[in-house]
Amino acid sequence: MSSRLDAARPETAPAVTTRFRPAIHFTARDTWLNDPNGLVFHHGLYHLFYQNNPYGNVWGNMSWGHATSPDLLHWTENPVAIACDETEDIFSGSVVVDHGNTSGFGTADAPALVAIYTSAFKAPSGHGGTQAQSLAYSTDAGMTWRKYAGNPVLTRNSANFRDPKVFRYHGEHGAYWVMAAVEAQQQKVVLYRSEDLKSWDFLSDFGPANADAGEWECPDLFPLPVDGDPENTKWVLIVNVNPGAVAGGSGGQYFVGQFDGVRFLPDDGSLAAPAGVSSLADPRAAAAALPQCLWLDWGRDCYASVSFSNTPDDRRIIIGWMNNWDYANELPTAPWRSSMTLARELRLTTAGPTAVDGSVRLVQQPVLAGPPAEVMDTVQLHDSAVRLPDAVPGSAQVIDAEILPGSAGRVDFRLLGSSDGSEGTILSYDTRSARLILDRRYSGNTGFHAKFASAESAPLVLEDGVLTVQIVVDHCSVEVFAQGGKVVLTDLIFPSEGSRENWLSVEGGPATILKLEVSTLA
Ligand code: FRU
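Reading the values: the criteria
- Residues numbered from 1 in each chain as written.
- Predicted model: local features only at pLDDT ≥ 70, side-chain atom pairs only at ≥ 80, totals over all residues.
- Heavy atoms only, no water.
- Buried < 20%, exposed > 50% of the residue type's maximum accessible area, 1.4 Å probe, protein only.
- Helix = DSSP H or I, 4+ residues; strand = E, 2+ residues; numbered from the N terminus.
- Pairing = 2+ DSSP bridges.
- Axes fitted to C-alpha atoms, helices over the stretch in contact; angles between N-to-C directions.
- Core = buried A, V, L, I, M, F, W, Y, C linked by side-chain atoms within 4.5 Å.
- Domains from an automatic or database assignment.
- Contact = heavy atoms within 4.5 Å.
- Polar contact = N/O pair within 3.5 Å; in protein donor to acceptor, adjacent residues only side chain to side chain.
- Near = heavy atom within 4 Å.
- Areas by Shrake-Rupley, 256 points an atom, 1.4 Å probe, with all protein chains shown as cover.
- Phe/Tyr/Trp six-rings, centres within 6.5 Å; stacked < 30°, edge-to-face > 60°.
- Buried area = accessible area lost by both parts, 1.4 Å probe.
- Salt bridge = Lys/Arg side-chain N within 4 Å of Asp/Glu carboxyl O.

Trainee: Where do I start with the pairing of strand β31 (residues 477-482) in this structure?
Mentor: Within a regular strand, the side chains alternate between the two sheet faces. With respect to burial, β31 is a largely interior element, six of its six residues being buried. The side-chain alternation of β31 yields two buried faces, one formed by Ser477, Glu479 and Phe481 and the other by Val478, Val480 and Ala482. Pairing between strand β30 (residues 467-473) and β31: five bridges, direction antiparallel. Bridge pairing in β31 links Val472 to Glu479. Between β30 and the antiparallel strand that follows it, β31, lie three residues; His475 among them carries a positive phi value of about 65°. Where β31 and strand β32 (residues 487-492) come together, six bridges link them in antiparallel fashion.

Next comes the structure, spelled out in structure tokens:
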């Protein structure tokens, strides 16, 4: 944590950079944000609490900011929900609707919202330097919060015990609350149970496993039906890791397996290295194993993803922080800094190119709704290019394409490009390496941090020869959902003023564009 504070420099981009303000991604009006916290659906609204510095636009003074949305695309910022004080910073955590009033904070008819957050204690608290789990509750649908007098409710006298995600577990032996949190520096997820959210008993721990070179943060654990079959449920354990993610710096990995109310057991097909072979001991083995880990996102800018509780129809929807701790404090925007990813609905599937031997993988689809798309003609391209509608300031664009690359060597989208062709973010499918590549080296301002200019890639096997991509471009970001969301790449970009052109081109042979649709969302 201290290195993060050291990295937090005073504001160096005084110019207001309105042109980077996203249309359909949440940003705080004029402050800093990081992890999404306490995602919960309640009384018809989605609540997004988030790590917020109410006094500046770099990391510090951690408090819970608060925004609400009816549709996950348009957000209203509300007053700070839980503020830091002289005894503690308010680190990441979750919110549950206490339907049974198990905590006694509400009533049976009007259940309270209960926040379970990490107290990052400061010296005057008497627990200085430790991180422990605390409660706050709201009886006015999330608008105001009171801290529980008995805080903290769970401590391990650890300096790195944080990020509690709490859910209601219903099993053979009844129902109870389960908390998944981390011992960040031990690369462990620790599980606890409670009847009333106030008193917690240890269940088990999991880790290190797969990507374990960095700290483990912001876990989540939830069931999902496989291929939509309610009789065949698996559990997904999300573990965010910083640094040591596949594209460098911070990122999210997941495991698929079973949870029996006590223990999480990963499926064999979920583990990159045999159990017990910790890559911590051998950094080269760690790097070699990374592509075999299960990544939520292969880009640079999707971290701390966690899911909503209490969603209608048990939909499992996650939001991530669209940033990377490698350069987070230095993004060239003002007066705000950082945004969230789009909300993404998760499913589990056995089908498709990322599934080996029937193993089960996550599929993510962005939650989008908007006016009809502009449908472009089906064409064949051969060493030629087609121009898509330009980006419109104030709106995001969604590009849906189905392409038969055939014998072409490459299919390239050039996004938010300049008219002289020298600038643009390139999304390529390379047929020889069978990889999808997102290259932001010529995307505009990349010079604000040495680690920002980069090209990311993910393995992608065509299905029936077809590449399917949905690309969401929103002023300072590109999110790519390929093959129906089996492969996801998210990158921030900071294009020059006026770089708004979008092109699709084909090199080295003919390719058939089966579908090309562009819609605009504001
Ligand atoms: C992840 C994280 C969490 C912590 C929070 C502090 O980005 O480091 O582990 O609770 O940020 O802001």
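Past the structure itself, the notes keep going.
Trainee: Is there a simple way to explain the sheet that holds strand β3 (residues 63-69) in this structure?
Mentor: Reading across from one edge, β1-β2-β3-β4 is the order of the four strands in this open sheet, with antiparallel pairing throughout. Strands with a single pairing partner mark the edges of an open sheet, and in this sheet they are β1 (32-42) and β4 (76-82). On average, each strand axis in the sheet is inclined to that of its neighbour by 30°, with strand direction left out of account. Bridging between strand β2 (residues 45-53) and β3 involves seven bridges; their strand directions are antiparallel. If you follow His47 over to β3, its bridge partner there is Thr68.

Trainee: Can you help me understand the nonpolar core in this one?
Mentor: Note that soluble globular proteins tend to have their nonpolar side chains buried in a common cluster. Of all hydrophobic cores here, the largest spans 62 residues; its most connected members are Trp216, Leu388, Phe413, Ile471, Val480, Leu504 and Leu516. Counting residues per element, this core draws most heavily on strand β33 (residues 501-521), at six residues. Counting contributing residues per domain, this core is built from domain 1 (30-349) and domain 2 (372-521), each supplying no fewer than three. For Leu516, the residues in contact, after removing those within four places along its chain, are Glu374, Val375, Met376, Val386, Leu388, Ile399, Asp400, Ala401, Phe413 and Leu504. Grouped together as the second largest cluster of nonpolar side chains are 29 residues, Ala28, Leu39, Met62 and Trp325 included.

Trainee: For this particular structure, what's the right way to read the sheet that holds strand β13 (residues 201-206)?
Mentor: The strands that make up a sheet pair up through hydrogen bonds in the backbone, lying either parallel or antiparallel. Within the open sheet, the four strands sit side by side as β10-β11-β12-β13. Their pairing is antiparallel. Both outer strands of the open sheet, β10 (161-171) and β13, are each paired with one neighbouring strand and no more. On average, each strand axis in the sheet is inclined to that of its neighbour by 25°, with strand direction left out of account. Pairing of β10 with strand β11 (residues 174-183) involves nine bridges; the strand directions are antiparallel. Residue pairing across strands places Phe161 opposite Glu183, the latter belonging to β11.

Trainee: Just to check I follow, could you spell out the side chain of Asn34 for this structure?
Mentor: Here Asn34 lies in strand β1. Polar side-chain contacts of Asn34 include one of 2.9 Å to the side chain of Trp32. Not counting chain neighbours up to four residues away, the residues in contact with Asn34 comprise Tyr50, Gln51, Trp59, Met62, Trp321, Trp325 and Met340.

Trainee: What should I look at first to understand the site of the ligand in this one?
Mentor: As a matter of local geometry, the ligand sits amid 14 residues, with Asp35, Gln51, Arg162, Asp163 and Glu217 nearest to it. In this structure, Arg162 approaches the ligand through a side-chain N or O atom, which is 2.7 Å from an oxygen atom. Residue Asp163 places a side-chain N or O atom 2.6 Å away from an oxygen atom belonging to the ligand. A total of 320 Å² of accessible area belongs to the ligand in isolation, and the protein chains cover 100% of it. Broken down by secondary-structure element, the contributors of at least two residues to the shell around the ligand are β1, β5 (88-97) and β10.

Trainee: Even after reading the chapter, I still don't get the packing of aromatic side chains, so can you show me in this structure?
Mentor: Here the distance between the centres and the angle between the planes together describe a pair of aromatic rings. All chains considered together, the criterion is met by 30 aromatic pairs. Relative to Trp75, the ring of Phe26 lies with its centre 6.3 Å away and its plane at 65°, an arrangement referred to as edge-to-face. Of this pair, Phe26 sits in the loop between α1 (2-7) and β1 while Trp75 sits in the loop between β3 and β4, and the two are 49 residues apart along the sequence. Take Phe26: its relative accessible area is 4%, and that puts it in the buried class. On the basis of an interplanar angle of 35° and a centroid distance of 6.0 Å, the ring pair of Trp32 and Trp325 is categorised as tilted. Taken together, the residues Trp32 in strand β1 and Trp325 in the loop between β19 (317-322) and β20 (339-340) connect sequence positions 293 residues apart.

Trainee: Please clarify how the domain arrangement of the protein chain should be interpreted in this entry.
Mentor: Once the domains are mapped, the protein chain shows domain 1 (30-349) and domain 2 (372-521). Summarising the inter-unit geometry, the C-alpha centres of domain 1 and domain 2 are found 31 Å apart. When domain 1 packs against domain 2, the two sides together hide about 1800 Å² of surface, and 65% of this comes from carbon and sulfur. Applying the counting criterion to the domain 1 and domain 2 interface returns three salt bridges. Residues Asp301 and Arg440 are paired through a salt bridge, measuring 2.9 Å at the closest nitrogen-oxygen approach.

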